[in-house]
Amino acid sequence: MKPLHLVCFSTLLLRNSFPQLLRSNSLSYSSRYQPQDVADGLCPQLAGLPWLQYLRFPQCSLHQGPGPYNLCRAESGSMSSSGSHYAQHNVRRLTDLFLISSGDVMDVIVAGQRQEAKERVIFFGGDVQDYPENMLSHRDNGKYVRWNSVSTAGRLCERFPTAMVLVVKPHHMHLKTFSVYSQFVQSNDFGCPTHSSDFGAWKRLVDVYEEAVGLALSPSHDTHSGSDPQSGNSVSSKAGVAENSCGGSEVPQSHSLPSGQNAAADSEETKAEASEGTVVDRRLGQTIPDVPVHLIGFSKGCIVLNQLVHELESEQDNSRIKKFIGQIQSMTWLDGGHSGGSNTWVTDPDAVGHLLPLGISIHVHVTPYQVKDPMRRWIGKEKRRFVELLRKDGAKVADKLHFEDEPRSIENHFRVLEEF
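Residues numbered from 1 in each chain as written. Predicted model: local features only at pLDDT ≥ 70, side-chain atom pairs only at ≥ 80, totals over all residues. Heavy atoms only, no water.

Draft legend 1. Highlighting the pattern of salt bridges. The tally for this structure, following the rule as stated, stands at 16 salt bridges. In this structure, Asp-104 engages Arg-204 in a salt bridge whose closest nitrogen and oxygen atoms are separated by 2.8 Å. One end of the pair, Asp-104, is in the loop between strand S3 (92–98) and strand S4 (105–112); the other, Arg-204, is in helix H6 (residues 201–217), and 100 residues separate them in sequence. Residues Arg-139 and Asp-140 are paired through a salt bridge, measuring 3.0 Å at the closest nitrogen-oxygen approach. Here Arg-139 falls in the exposed class, since its relative accessible area comes to 55%. (Salt bridge = Lys/Arg side-chain N within 4 Å of Asp/Glu carboxyl O. Helix = DSSP H or I, 4+ residues; strand = E, 2+ residues; numbered from the N terminus. Buried < 20%, exposed > 50% of the residue type's maximum accessible area, 1.4 Å probe, protein only.)

Draft legend 2. Focus on the environment of Ile-325. Tracing the backbone through its elements, the reader meets Ile-325 in helix H9 (residues 319–327). When its relative accessible area of 11% is taken as the criterion, Ile-325 is described as buried. Considered as a pair, Ile-325 and Ile-360 are 35 residues apart in the sequence and their alpha carbons are 9.1 Å apart. Once residues within four sequence positions are removed from consideration, Ile-325 is found in contact with Trp-202, Leu-312 and Leu-358. (Contact = heavy atoms within 4.5 Å.)

Draft legend 3. Fine view of the pairing of strand S17 (residues 293–298). Among the six residues that make up S17, six are buried, leaving the element largely enclosed by the rest of the structure. Neither face of S17 is left uncovered, since the one carrying Val-293, Leu-295 and Gly-297 and the one carrying His-294, Ile-296 and Phe-298 both have all their residues buried. In this sheet, S17 lies alongside strand S5 (residues 119–124) in parallel orientation, the contact comprising five bridges. Across the sheet, Arg-120 pairs through a bridge with Val-293, a residue of S17. Of the strand pairs in this sheet, S17 and strand S18 (residues 328–334) are connected by six bridges, and their pairing is parallel. (Pairing = 2+ DSSP bridges.)

Draft legend 4. A look at helix H13 (residues 410–419). Burial in H13 covers these residues: Asn-412, His-413, Phe-414, Val-416 and Leu-417. Here the buried face of H13 lies against S5, helix H5 (149–159), S17, S18, strand S19 (361–366) and helix H11 (368–371).

Draft legend 5. Broad picture of the layout of surface pockets. Reported here for the second largest pocket is a volume of approximately 240 Å³. Forming the boundary of the second largest pocket are 17 residues, of which Asp-127, Ser-299, Tyr-369, Gln-370 and His-413 lie nearest the centre. Elements represented by at least two residues in the lining of the second largest pocket include exactly H11 and H13. Considering each element in turn, the lining of the second largest pocket owes the most residues, three residues, to H13. Of the residues that constitute the lining of the second largest pocket, the class distribution is six nonpolar, eight polar and three charged. (1 Å grid on protein atoms, 1.4 Å probe; cavity = no way out; pocket = protein on both sides within 12 Å on 5 of 7 lines; lining within 4 Å. Points joined across faces, edges and corners; volume = space filled by probe spheres on them. Nonpolar A, V, L, I, M, F, W, Y, C, P; charged D, E, K, R; others polar.)

Draft legend 6. Examining the pairing of S19 more closely. For S18 and S19, the ladder comprises five bridges, and the chain directions are parallel. If you follow Thr-332 over to S19, its bridge partner there is His-363. One crossover worth recording links S18 to the parallel S19 by way of helix H10 (residues 349–355), and it is right-handed. Looking at chain direction, S19 and strand S20 (residues 397–401) are connected through five bridges and run parallel. Counted as the bridge partner of Ile-362 is Val-397 from S20. (Right-handed = clockwise from strand over helix to strand, strands pointing away.)

Draft legend 7. Quick peek at the environment of Ser-197. Positionally, Ser-197 belongs in the loop between strand S10 (193–194) and H6. The spatial distance from the C-alpha of Ser-197 to the C-alpha of His-310 is 5.2 Å, given a sequence separation of 113 residues.

Draft legend 8. Up close: the nonpolar core. Ranked by size, the top nonpolar core spans 58 residues in total, and within it Ile-122, Trp-202, Leu-205, Met-331, Trp-333, Ile-362 and Phe-386 carry the most contacts. Here this core takes eleven residues from H6, the largest share from any one element. Sequence-distant contacts of Ile-122, defined by excluding residues within four places in its chain, comprise Leu-166, Val-168, Leu-205, Tyr-209, Val-293, His-294, Leu-295, Ile-296 and Phe-324. (Core = buried A, V, L, I, M, F, W, Y, C linked by side-chain atoms within 4.5 Å.)

Draft legend 9. Spotlight on the packing of aromatic side chains. As enumerated under the stated definition, the model contains eleven aromatic pairs in all. With 5.7 Å between their ring centres and 35° between their planes, Tyr-144 and Phe-414 make a pair best called tilted. Within this pair, whereas Tyr-144 is found in the loop between helix H4 (132–136) and H5, its partner Phe-414 is found in helix H13, the two being separated by 270 residues in sequence. A single burial state applies to Tyr-144 and to Phe-414, both of which are buried. When the centroid spacing of 5.7 Å and the interplanar angle of 35° are considered together, the rings of Trp-345 and Phe-386 count as tilted. On the criterion of sequence distance, the pair formed by Trp-345 in the loop between S18 and H10 and Phe-386 in helix H12 (residues 377–392) is long-range, its members being 41 residues apart. (Phe/Tyr/Trp six-rings, centres within 6.5 Å; stacked < 30°, edge-to-face > 60°.)

Draft legend 10. Just unusual backbone geometry, in detail. Phi is positive for Asn-343, which is not a glycine, with a value near 60°. Mapped onto the secondary structure, Asn-343 falls in the loop between S18 and H10. Asn-343 gets classed as partly exposed once you look at its relative accessible area, which sits at 36%. Non-glycine residue Phe-403 carries a positive phi angle of around 55°.

Draft legend 11. Representation of the confidence of the model for the chain within the structure. Averaged over all residues, the pLDDT of the chain equals 74, while 63% of them reach at least 70. Taken as a whole, residues 43–87 scores under 50 in pLDDT and shows 122 contacts with residues more than four places along the chain or in a different chain. For residues 239–270, every residue scores under 50 in pLDDT, and the model assigns this stretch 67 contacts once sequence neighbours within four places are set aside. (pLDDT = per-residue confidence, 0-100.)

Draft legend 12. Expanded view of the environment of Ser-196. As for its placement among the helices and strands, Ser-196 is situated in the loop between S10 and H6. Linking Ser-196 and Val-185, residues eleven residues apart in sequence, is a C-alpha distance of 7.9 Å. Those residues in contact with Ser-196, other than ones at most four positions away along the chain, are Gln-307, His-310 and Glu-311.

Printed below as a string of structure tokens:
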């Protein structure tokens, strides 16, 4: 008989006091959440509790391992009858990542390979997707916690096993639900975009990419170099300390950040070309080797990819950005959508025309949840127009409609993350 260890609580406590309860070693389980959902949310929080040896559900297991915290994920129908232990994905949160060139602050989740990475994946998620503890504290979003940002990083590691995965969080979550990528594109309160050709999305993307990769590769942030394997550490670049998953400061960091009017000037001096195929971040003393890059947007996150396409013409003379664009091997749109009344896909022929000569592989994966929504018919029309514009000039586009014969559902919308 299989061992079954349950953690029990009331729904009210789970919703309103989750972080505090974890810190006091009090745990909760509510029938409101499926076991795999609760497991997904609990993993990063529970990994540091010494009394918990393992948490096992019929389809999901949490095991202690060498990384900053252990990733747990459940997939109905994909597990053997004896259960399966998911590989540890070396996940780390880079919180309050301060970009000295622009003054922007971003959160990035890093997972997968580090020095051995043969490619890097940059992912922008959708509405609802957040840190698991935030989703579980929300009245409605807890039911989707298995699709949280951390477990999504793990799914991408499985999809790209030789890659370093970077999940770039939105600037903020309006009402703890709506992803607002205002650091990349002009957005209203609910994250609906107003695209332009000169917002500066490419510059911010290159900045956060080099900063996050530099921190991930830096020996002082190596998850196997002096950090507690059960601590769930997250690195705060802005504060200059490593923070654990419950908010406590732990490991002082060796770098300091410039401030004031000299910040932008100092930032230009921190990045320099080394030998061909590398970038040196002088502030961190870290060489960043060039590898192929994949850009992926899911749902609301596709607006970041759209903004990048709109800015291609204006950034043609920027050598640093042009070099980064040359590394991009593919761009993938996963069931793009937002609550605005248009501009879900790029339909400007001039903007799309600047994408074609770059030789970037384009992948489009959609579900009926977006493209067959009877209340938002423009989404399907714009998607078809986007693909038509690409193919008109000879571009090879992988275009697939998933779950075509199934009813529209938000669950299938999320499942495209596993199917693409």
